[in-house]
Structures are given as C-alpha cells and as structure tokens.
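# What the coordinates show
Letter by letter, the chains look like this.
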Amino acid sequence: MNNNKGFLFFICSVASMGGLLFGYDWVVIGGAKPFYELYFGISESPVLQGVAMSTALVGCLIGAMVAGAAADRYGRKPLLIVAAVLFTVSAIATGMFNDFTLFNIARFIGGVGIGVASALSPMYIAEVSPTEIRGRMVSLNQMTIVLGILMAQMVNMLLARDTSVAESQAWNLEWGWRWMFWAETVPAAIFLVMSFAIPESPVYLRMKDEDEEMAIDELVINEKDHVVSTPDDKFALEFSRAGMMRKLSMLMSQSSFRKVLLLGLVIAVFQQWCGTNVIFNYAQEIFVGAGFDVDGMFINIVITGIANVIFTIVALYTIERWGRRTLILLGAGGLGLIYLTLGTCYFFEVKGFAMVCLVVAAISTYAMTLGPVTWTLLAEIFPNRIRGIAMATCTFALWVGCCTLTFSFPSMNAALGSSGLFWIYSAICFCTFIFLFRRCPETKGKSLEELEKELVK
C-alpha cells in the first residue's frame, strides 16, 4: 500500500510539473518587462505592452480549446508530453529572438503549452486520485503553480542587476531578460523526460475499453471514483463519437449539463477577474505606484511569492477539512474587502509598507482559496463522459478572462487609476460571492460518481 501511495504521489507530481511550468512561464514576463520593453522600444506604447503581455494568453486559449477533444481522442498522457515540448521550445526561442514579432510568436507557443497543461494536469490528477485525498492531490497542481511563480520571481530578482549602475542596466537590456526566459528550459526538459514514465489515466482507458493491465494499481485508486457512464442511451453513444464542436452543441442542448457548465464557467472566469493576477503580471506598475523603485519592486515581488507558497501549503490541509464551498466563498468575500481597502488607499495616495501588507493579504487569500479550489472544483463537478470537453471549455473561458484582464489593465489603469481599478475588482468579487453562495455545491468527501448523480439531473 505504501509503495502504491508513493507511486500515486510520483505520477501526480509529474503531472503537476505542468503547473510548475505554467506558473513560471506565466509570471517570468513580469520581471523581464522593464527590460524587454526598452530593448524593443515599446515602453511608451500601452497597446504594444498589452500585446507583449497577452500574446502567450492567446496561445493559452488555443491550447485550452483543443486540449479537451484531443485528450478524449488521444489520451491524457500524450497531451502532457506535447505541453512539455511546447514549454521547452518556447523557453529557448523567447530569449533567442531579437525581433518583437518573433518574440511574440515564441511567447504564443509557450502559451499553447500553458493552455494544454492547465486543462490536463488537474484533470489527470483528479482521475487517478482516491476520493478522500482527491482535493489535496489536485491542490498539489496549484502548489506547483505557485512554486513556479516563486521560482520565476527569484530568478528575475537574481538576474536583474543593480539598475543604478550603467553597465548593469546595459546587461539587463541585452541579456538579463533573455536568461529569465532561458532558465525555464531546465524544468521543461525534466518534465518532458518524466512525462514518459507515467501511465495513462484509467478513466480514459475505460472510456476507450482498452486493456488496463498497465494502468495504476487498483489499491491506489478507488474503483467507485472512476465509473464511466456507459453508452446505453442515444445521447451517450452519439456524444462519445462526436467531434469537438458537436460535443459543445450537445452539451448546450441538455439543460442538466448547461447548469453545471455555467457553474464551471463562472468559477473559471472569476479566478481571473477577481484581479489578483494583475499583481503578478503588472508588479512594476503596482509597486512603483505604491512608492517603490525597481529594485524594491523585485524584493516585494519575492515577498508576495513566498506568501503565495505558504498559504497554498495551508490550502493543502484546509481543502479537505473546510471544504471547497467554504474556501471559495471565503476567497470571494475576503478579496472583495481587501480590494475595496486597497483601492481606497490608492485614492488617498497611501504608500510604503501598508500597501505591501494589503497586496500580501490579497495574494495570501487567493492562494488559500481561489487558486487551488478553482482547479479542484473544475476537475470534480463534471461527469466522466463529458469531463474532457467541459474542462477544456472552462479552461478556455478562464484564459479568455485572463487575456482580457491582462490586455485591458494598462489602458484601464491609465483611464481609471489604480483606485478605480481595484474598486471594480472588489465589485466583481462581491457579485460573484452572491452567485456562488446560491449555486456552488460542496464536493468534499464525495466520489466522482456521487457528484455526477447529484449535479447532473
């Protein structure tokens, strides 16, 4: 049994490396931003700044869109391998190119990898994990995401040389930002090699009626967690044979599926439009606006990254004790209050340590609640036979939210100021709290089969 649990932890850790690279690739650009903007001559163009920051997110949309149908057709494991290849290629190419267009193409490739990994890693982990620890194991994916974020923040800080020295500034502009991207090559290569060592998801094998002799030992997995709906009716049979667009159409035609899909879409988009992620992607503007120079910005970014890791560890324990519903409501309400306060402080031009505390409080609340709970709920609430396409649809919506959030921030910040922006995020949090209070179920301690019977009626 111990060996089996060790093997379960191993394969979940490998799958969650997609989350590690997701976090690194997503955040590394924030530290490189002050330097590549000057290198490419876009420091005075909010539109081109938004393009550079959101190109990878457009790739995320594509990756998430194709991940579900491809995972149902080819399996979960091959898609994780594809994601690892894309991460590796993007890491090398982004730092290599001197042309702004090619730079964005390389970022796009990495974004496709993020989109695939963000959909597949939590889904794979949920499908191989027993009920009693499923939430904790899926949260492991969020743990690696925040470790990837912290890794990117520390690499950025260590590589960025003293900006007050002319020679160091020249190195930053020519080489520093390149090495920030190149550093991702090491974990990407490890992920690529290790992905070949994990088995295919037993849920996928059952769906395809394939031999499960090489699948995970039944001592590791709860049999009742992986009961796949058999195609004993016209809808199930037709759905299993349909293409991606046809599956989406069929999902929307069934009222029972529409309800759970709407819940998933709201949860996914809210994780982005709660506003926390702009702190990672636009740390320069946020901390400089709070009175810090560039060197102080990097130190504060690492502080937020450490808080992110600590409270994600807390979430690994609370998600099975407090439950998913309690945590997501705590996150929505807590962030609403913090952003209301943060916006007010920006309005009255409060600067210094107090602003850092508020930002850390926001990151900590997000890390303990919305960060891990979103992926856990999305991996749990859908029936086995539609999980691939439904998860991909929600992940696609999540990245649409992230892309629009990231692209719109420079223009909205210029038009509304930081105070108005955080007040808007506060209002979004409070409105979503009301929706989730009425519609979000508790999934703690329930098998995937039990949740299907409860949510799809």
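Notes on the structure follow. (Residues numbered from 1 in each chain as written. Predicted model: local features only at pLDDT ≥ 70, side-chain atom pairs only at ≥ 80, totals over all residues. Heavy atoms only, no water.)

Let's shift gears to the packing of aromatic side chains. One pass over the structure, following the stated rule, counts 22 aromatic pairs. Seen from their ring centres, Phe 103 and Trp 177 are 5.9 Å apart, and the 75° between their planes marks the pair as edge-to-face. Placement of Phe 103 in helix α4 (residues 100-128) and of Trp 177 in helix α6 (residues 166-182) is noted, with a sequence separation of 74 residues between them. Exposure remark for Trp 177: the relative accessible area of 0% places this residue in the buried category. On the numbers, 6.2 Å between centres and 20° between planes, the contact of Phe 433 with Phe 437 is stacked. One end of the pair, Phe 433, and the other, Phe 437, are both in helix α18 (residues 384-439), 4 residues apart, so they sit about a helical turn from each other. Clustering of aromatic rings is evident, with ring pairs tying together Tyr 36, Tyr 39, Phe 40, Phe 100, Phe 103, Trp 177 and Phe 181. The side chain of Arg 178 reaches across the aromatic face of Trp 175, ending 5.8 Å from its centre. (Phe/Tyr/Trp six-rings, centres within 6.5 Å; stacked < 30°, edge-to-face > 60°. Helix = DSSP H or I, 4+ residues; strand = E, 2+ residues; numbered from the N terminus. Buried < 20%, exposed > 50% of the residue type's maximum accessible area, 1.4 Å probe, protein only. Lys NZ or Arg CZ within 6 Å of the ring centre and 35° of its normal.)

Another aspect to go through is the nonpolar core. Core analysis: the largest hydrophobic core is formed by 122 residues, its most contacted members being Tyr 36 and Trp 399. Take this core: its biggest share by element is 18 residues, from helix α1 (residues 2-40). The residues touching Trp 399, leaving out its near neighbours within four places in the chain, are Phe 22, Trp 26, Leu 57, Cys 60, Leu 61, Ala 64, Ile 114, Gly 115 and Ser 118. (Core = buried A, V, L, I, M, F, W, Y, C linked by side-chain atoms within 4.5 Å. Contact = heavy atoms within 4.5 Å.)

This part takes up the pattern of salt bridges. Scanning the entire structure with this criterion turns up 7 salt bridges. Glu 127 serves as the salt-bridge partner of Arg 76, at 2.7 Å between the closest nitrogen and oxygen. Highlighted residues: Arg 76 in helix α3 (residues 76-96) and Glu 127 in helix α4, separated in sequence by 51 residues. For the pair Arg 76 and Glu 127, a shared accessibility class is recorded, and that class is buried. One salt bridge in this structure joins Arg 134 and Glu 380, with 3.0 Å as the shortest N-O distance. (Salt bridge = Lys/Arg side-chain N within 4 Å of Asp/Glu carboxyl O.)

Despite not being glycine, Glu 349 shows a phi value in the positive range, around 60°. Look at Glu 349 and you get exposed, because its relative accessible area is 62%.

Another aspect to go through is the environment of Ser 43. The topology assignment puts Ser 43 in the loop between α1 and α2 (46-74). Distance from Ser 43 to Lys 33, taken between C-alpha atoms, is 9.2 Å for residues 10 residues apart in sequence. Apart from the residues within four sequence positions on either side, Ser 43 is in contact with Glu 37, Leu 38 and Gln 49.

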